[in-house]
Amino acid sequence: MIYHEFIYIADLLGVAVFAVTGAIAAPGKRLDILGVIVLGIVTSLGGGTIRDISLDLHPVVWVEDTTYLWVAIGSSVAAFFASRHISSPRRSLLFLDALGLALFSILGLQKALAAGAPEEVAVMMAVITGVAGGMIRDLLTGQIPLVLQRNGELYATCALLGALAYIFAYSRLGEASPWLDISTMAIIFISRMASLVAGLQLPEFI
Amino acid sequence: MIYHEFIYIADLLGVAVFAVTGAIAAPGKRLDILGVIVLGIVTSLGGGTIRDISLDLHPVVWVEDTTYLWVAIGSSVAAFFASRHISSPRRSLLFLDALGLALFSILGLQKALAAGAPEEVAVMMAVITGVAGGMIRDLLTGQIPLVLQRNGELYATCALLGALAYIFAYSRLGEASPWLDISTMAIIFISRMASLVAGLQLPEFI
Amino acid sequence: MIYHEFIYIADLLGVAVFAVTGAIAAPGKRLDILGVIVLGIVTSLGGGTIRDISLDLHPVVWVEDTTYLWVAIGSSVAAFFASRHISSPRRSLLFLDALGLALFSILGLQKALAAGAPEEVAVMMAVITGVAGGMIRDLLTGQIPLVLQRNGELYATCALLGALAYIFAYSRLGEASPWLDISTMAIIFISRMASLVAGLQLPEFI
């Protein structure tokens, strides 16, 4: 019960965070506000939609529960106005993107496991749910996707790391819990931020 | 009966119009004709395919009725040859794109409502059906999508405006009619053209 | 039985080949290895996923049989390391891309026919399965897709040619056979390579 609510709120938080990254990634402030909302919606709901459709889980999450849609719209609009008063959109974008990556990867993993998918597929869904929305955002705004940039940072690696840690711990614990979720989300978020801040990267030979 | 035929023809007209925008957006005239057809098909059937798959409406429209496929192919081929004799492809593209936006938005809205989707989801599907094909076209030809360009024109706003007008009028009238369809399509087309021609845009503070 | 195995191996070979093209198309060698794997997976499984979802064939091929996922990952990793010692990635990419195009087009055609799709839809699925993965790869790495490049080469035309030859021969023979598959795949591969090497293209008026 309470766990269910925790998951639901984490999911909506992920939507809000990704919608904001979409809104502030928009190329220039003279953009039509609806364009900003479209970008926010696609960024925040794109990954989960691909996951649900690939696993044949219908209705798709935002078709069943329109709260997702309203959170995405509200966050985009708020970000649109707030972005005039925040001076470092690029840094905010990277921070929020890392948070969304952490939330969505673990939640995507859980939904795939709950749908009976094999573990490899669930890990794949974790990465898809975490990175696909951001990839679409970067494509639409004419950027090479963060996940593919050549700056040697970790990105998909962080999602993979957290997903594998979750699978391992879950097989030992035998049950889901908010602590497991939070600690594996923390692995993803911290490894991503560490990579950004400290230049942490895979060894040269990899 | 006659209303059904009106919808069907309007849908095929939308396919034809978007296929033409795909074909004339192709980067240069030395393009393989099949490449032009691929671009025409993706532009004209992409939005509807995303809508049908998201709503779990199977078979997808062009799988069930191959007329859609033939109209897309025929229009692309015709546009490919005609584009050698028309001097202002850019202006034609914007005009046809506005027409396709109007047709597909309202038809997408109706299909979503007919499938039992909530009104917010239906409005979302109107915008998706109207703009997704053109977004894919712009991505594939290496352009920032029209919907996201920073020139201050209205684009997604027009589709939204028409969709909201439809929902409002439909709840009052209680029944669908060609006049309702045509007048809401006109709202979209005229607001988009007005925005292009007269530089109509949202107020500065938005 | 043996024919089934032939198809299965050809399909996995197509996955391996496209995964390699994804991996070597990655923009620069300092890319995170997971980024390379993501690109390899999307390139090799993207086309088939779009096909399966459009035809409502669930579970999607790599959800049902995770061998596909492992082949894509293994090939991407191998290509990642091998690409340091191969001097002409561009030429390798075009060669492997042509091979993948041939394999996936014919296999996509067969799956669509087996699912009861009309012949036009099956031909469309052949082209989608053959070209979509490569289009996504090119989009993600910031290139105009090969299928749309203005160099006058044949690309989608080759897939179409092979698919039409298959449909024609199949209606005469009345049964599937490895020889039919291999010969129509050869038509695609050879016409594509001929177009690349000898500059073969459609007549000027087309």
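One can find the structure itself at the top, above this paragraph.
What comes next is a walk through the structure. (Residues numbered from 1 in each chain as written. Chains lettered and ligands numbered in written order. Predicted model: local features only at pLDDT ≥ 70, side-chain atom pairs only at ≥ 80, totals over all residues. Heavy atoms only, no water.)

## Brief notes about the overall build of chain A
Step number 1: Scanning chain A from N- to C-terminus turns up 8 helices and 0 strands.
Step number 2: The proportion of buried residues among the 206 residues of chain A is 57%.
Step number 3: A separation of at least 24 residues holds for 79% of the contacts in chain A among residues at least 6 apart in sequence.
Step number 4: Per element, the accessible surface of chain A, about 8,400 Å² overall, is 68% carbon and sulfur. (Helix = DSSP H or I, 4+ residues; strand = E, 2+ residues; numbered from the N terminus. Buried < 20%, exposed > 50% of the residue type's maximum accessible area, 1.4 Å probe, protein only. Contact = heavy atoms within 4.5 Å. Areas by Shrake-Rupley, 256 points an atom, 1.4 Å probe, with all protein chains shown as cover.)

## Some words on helix 2 (residues 33–54) of chain B
Residues and elements named next belong to chain B.
Step number 1: The terminal C-alpha atoms of helix 2, which comprises 22 residues, lie 31 Å apart, in line with the 32 Å expected from a rise of 1.5 Å per residue.
Step number 2: Largest kink in helix 2: about 45°, centred on Leu 45.
Step number 3: For helix 2, a buried count of 20 out of 22 residues is recorded, marking the element as mostly surrounded by other parts of the structure.
Step number 4: One or two residues past the end of helix 2 sits Asp 56, with phi positive at roughly 60°. (Expected span 1.5 Å × (residues − 1). Bend = angle between axes of the 7 residues up to and from the residue.)

## A word on the environment of Asp 138 of chain C
Residue and element names in this part refer to chain C.
Step number 1: Relative to the helices and strands, Asp 138 resides in helix 6 (residues 119–140).
Step number 2: When the C-alpha positions of Asp 138 and Ala 25 are compared, they lie 8.0 Å apart, and in sequence the two are 113 residues distant.
Step number 3: Setting aside anything within four residues of it in sequence, one finds Asp 138 in contact with Gln 143, Ile 144, Pro 145 and Leu 146.

## Things to note about the packing of aromatic side chains
Two numbers describe a pair of aromatic rings. These are the distance of the centres and the angle of the planes.
Residues and elements named next belong to chain C.
Step number 1: Under the defined criterion, the tally for this structure stands at 18 aromatic pairs over all chains.
Step number 2: Centroid distance Phe 18 to Phe 104: 5.2 Å. Interplanar angle 40°. Geometry classified as tilted. Taken as a pair, Phe 18 in helix 1 (residues 2–25) and Phe 104 in helix 5 (residues 89–114) lie far apart in primary sequence, 86 residues in all.
Step number 3: Centroid distance Phe 80 to Phe 81: 5.2 Å. Interplanar angle 80°. Geometry classified as edge-to-face.
Step number 4: A relative accessible area of 32% places Phe 81 in the partly exposed class. (Phe/Tyr/Trp six-rings, centres within 6.5 Å; stacked < 30°, edge-to-face > 60°.)

## A word on the packing of helix 6 (residues 119–140) of chain B against helix 7 (residues 156–173) of chain B
For any two helices packed against each other, the geometry comes down to the angle between their axes and how far apart the axes lie.
Residues and elements named next belong to chain B.
Step number 1: At a minimum axis distance of 9 Å, the contact between helix 6 and helix 7 shows a crossing angle of 140°. In terms of orientation, helix 6 and helix 7 fall into the oblique class. As for how helix 6 packs across helix 7, the hand of that crossing is right-handed. Between helix 6 and helix 7, the residues in contact are Glu 119, Val 123, Ala 126 and Val 127 and Ala 156, Ala 159, Leu 160, Ala 163, Leu 164 and Ile 167, respectively.
Step number 2: A class-by-class count of the residues in the contact of helix 6 with helix 7 yields 9 nonpolar, no polar and 1 charged. (Axes fitted to C-alpha atoms, helices over the stretch in contact; angles between N-to-C directions. Parallel < 35°, antiparallel > 145°, perpendicular 65-115°, else oblique. Left-handed = near helix turned anticlockwise from the far one by under 90°. Nonpolar A, V, L, I, M, F, W, Y, C, P; charged D, E, K, R; others polar.)

## Regarding the packing of helix 2 (residues 33–54) of chain A against helix 4 (residues 67–82) of chain A
Residues and elements named next belong to chain A.
Step number 1: Interhelical geometry of helix 2 versus helix 4 gives an angle of 130° and a closest axis separation of 9 Å. Comparing the axis directions of helix 2 and helix 4 gives the class oblique. Helix-helix and strand crossings are classified by hand; for helix 2 and helix 4 the assignment is right-handed. Mapping the contact onto sequence places Ile 33, Val 36, Ile 37, Gly 40, Ile 41, Ser 44 and Leu 45 in helix 2 and Tyr 68, Leu 69, Ala 72, Ile 73, Ser 76, Val 77, Phe 80 and Phe 81 in helix 4.

## Quick look at unusual backbone geometry
A negative phi angle is the norm for most residues apart from glycine, just as the trans form is the norm for most peptide bonds.
Step number 1: The peptide bond linking His 58 of chain A to Pro 59 of chain A adopts the cis configuration, its omega dihedral lying at -5°.
Step number 2: With respect to the helices, strands and loops of the structure, Pro 59 of chain A is situated in the loop between helix 2 and helix 3 (61–64).
Step number 3: A positive phi angle, close to 60°, is found at Asp 56 of chain C, a residue other than glycine.

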